[in-house]
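Here are the chains, one letter per residue:
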Amino acid sequence: MRSENASCVIDSHKVGPVTSVDVAADGSMIVWTTEEFVFFTCVNRGHWEKGSKEPKPNVINLTMSSADESKFADELETEPPWQPVKFDAATHKDEHGLYEREIITYCGVLQVRWSVKEAKRVWEAHSENNAQPARLDGKVTQMDGMVYRHMTVGTDADIVALEGEVVKSLHF
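## Re the sheet that holds strand S2 (residues 29–33)
- Here 5 strands make up an open sheet; going across it, the order is S1-S2-S3-S4-S8 and the pairing mixed. Two strands lie at the open edges of the sheet, namely strand S1 (20–23) and strand S8 (135–137), each paired on one side alone. If you compare each strand with its neighbour and ignore which way they point, the axes differ by 25° on average.
- Pairing of strand S3 (residues 38–42) with strand S4 (residues 60–63) involves 3 bridges; the strand directions are antiparallel. Across the sheet, the residue bridging to Val-38 is Leu-62, located in S4.

Quick look at the structure:
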């Protein structure tokens with residue numbers, strides 16, 4: 001893909017159209033979905049500059065474990081593809097000054113969460129040694145219904161609106 005407006009094109013995975021993108025508040029991380037996959041990469045200031053000669057960043061696949069895929073096989077077969085992925089971008093900073101603690105998305109009634117610190121660790125290991133696995137399994141939670149909207153508030157509260165139902169608060 002070539003675009004006059006693009007600063008950096010990330011094309012490590014040719015698996016269909018991108019259905020959602022989210023960028024960390026400081027611009028250092030990007031997550032995106034296709035109908036079948038969720039991806040993560042880290043970028044630096046040079047990637048955002050027009051005409052930069054920065055090499056394309058490595059990409060890791062954010063996945064479910066094989067055990068979770070087996071456990072939730074019925075839901076995965078009948079539910080729609082991945083919903084838009086996003087960083088939690090909580091309303092406070094953690095002890096390291098980061099707003100983002102987790103990456104969150106939904107696949108039907110399944111919520112999948114990945115630790116940003118773990119994603120960065122796996123990305124760094126893969127970037128240093130391409131023989132390292134380029135995937136990170138997330139934590140799967142089965143919800144009571146399809147999620148309409150999700151928001152993280154404060155240090156540990158998730159507000160989830162289920163389609164056709166009232167808003168529910170979850171604590172993790």
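Okay, back to it.
## Some remarks on the packing of aromatic side chains
- Per the counting criterion, the structure on display carries 2 aromatic pairs.
- Where Phe-37 meets Phe-39, the ring centres are 6.0 Å apart and the plane angle is 35°; that geometry is what we call tilted.
- With relative accessibility at 27%, the residue Phe-37 sits in the partly exposed group.
- One aromatic cluster in this structure is built from Trp-32, Phe-37 and Phe-39.

## A closer look at the pairing of S4
- Alternating positions in S4 separate into two faces, Ile-60 and Leu-62 on one and Asn-61 and Thr-63 on the other, with burial throughout.
- Pairing analysis gives 3 bridges linking S4 to S8, with the strands arranged parallel. Bridging from a neighbouring strand, Leu-62 pairs with Leu-136 of S8.

## Brief notes about the side chain of Thr-33
- Mapped onto the elements, Thr-33 comes out in strand S2.
- The class of Thr-33 is buried, set by a relative accessible area of 0%.
- Here the side chain of Thr-33 touches Ser-20 through a polar contact of 2.6 Å, side chain to side chain.
- Residues within four places of Thr-33 in sequence aside, it is in contact with Pro-17, Val-18, Thr-19, Ser-20, Val-38, Trp-82, Gln-83, Pro-84 and Val-85.

## A look at the nonpolar core
- Judged by nonpolar contacts, the single largest core of 25 residues is most densely connected at Phe-40, Leu-62, Phe-87, Ile-103 and Trp-114.
- If you list the elements that add at least two residues to this core, you get S2, S3, S4, strand S6 (102–107), strand S7 (110–115) and helix H4 (116–128).
- Looking at which element gives the most residues to this core, the answer is H4, with 4 residues.
- With residues near it in sequence (within four places) discarded, Ile-103 still touches Val-31, Phe-40, Leu-62, Val-85, Lys-86, Phe-87, Val-112, Arg-113, Trp-114, Val-116 and Ala-119.
- Among the nonpolar cores identified, the runner-up in size contains 5 residues, and Ile-30, Trp-32, Val-43 and Val-59 belong to it.

## A few points about the pairing of S3
- For S3, the buried fraction is high: 5 of the 5 residues fall into the buried class.
- Of the strand pairs in this sheet, S2 and S3 are connected by 5 bridges, and their pairing is antiparallel. Within the sheet, the bridge partner assigned to Trp-32 lies in S3 and is Phe-39.
- The antiparallel hairpin formed by S2 and S3 contains 4 residues in its connecting segment.

Definitions and limits used
Residues numbered from 1 in each chain as written. Predicted model: local features only at pLDDT ≥ 70, side-chain atom pairs only at ≥ 80, totals over all residues. Heavy atoms only, no water. Pairing = 2+ DSSP bridges. Helix = DSSP H or I, 4+ residues; strand = E, 2+ residues; numbered from the N terminus. Axes fitted to C-alpha atoms, helices over the stretch in contact; angles between N-to-C directions. Phe/Tyr/Trp six-rings, centres within 6.5 Å; stacked < 30°, edge-to-face > 60°. Buried < 20%, exposed > 50% of the residue type's maximum accessible area, 1.4 Å probe, protein only. Polar contact = N/O pair within 3.5 Å; in protein donor to acceptor, adjacent residues only side chain to side chain. Contact = heavy atoms within 4.5 Å. Core = buried A, V, L, I, M, F, W, Y, C linked by side-chain atoms within 4.5 Å.

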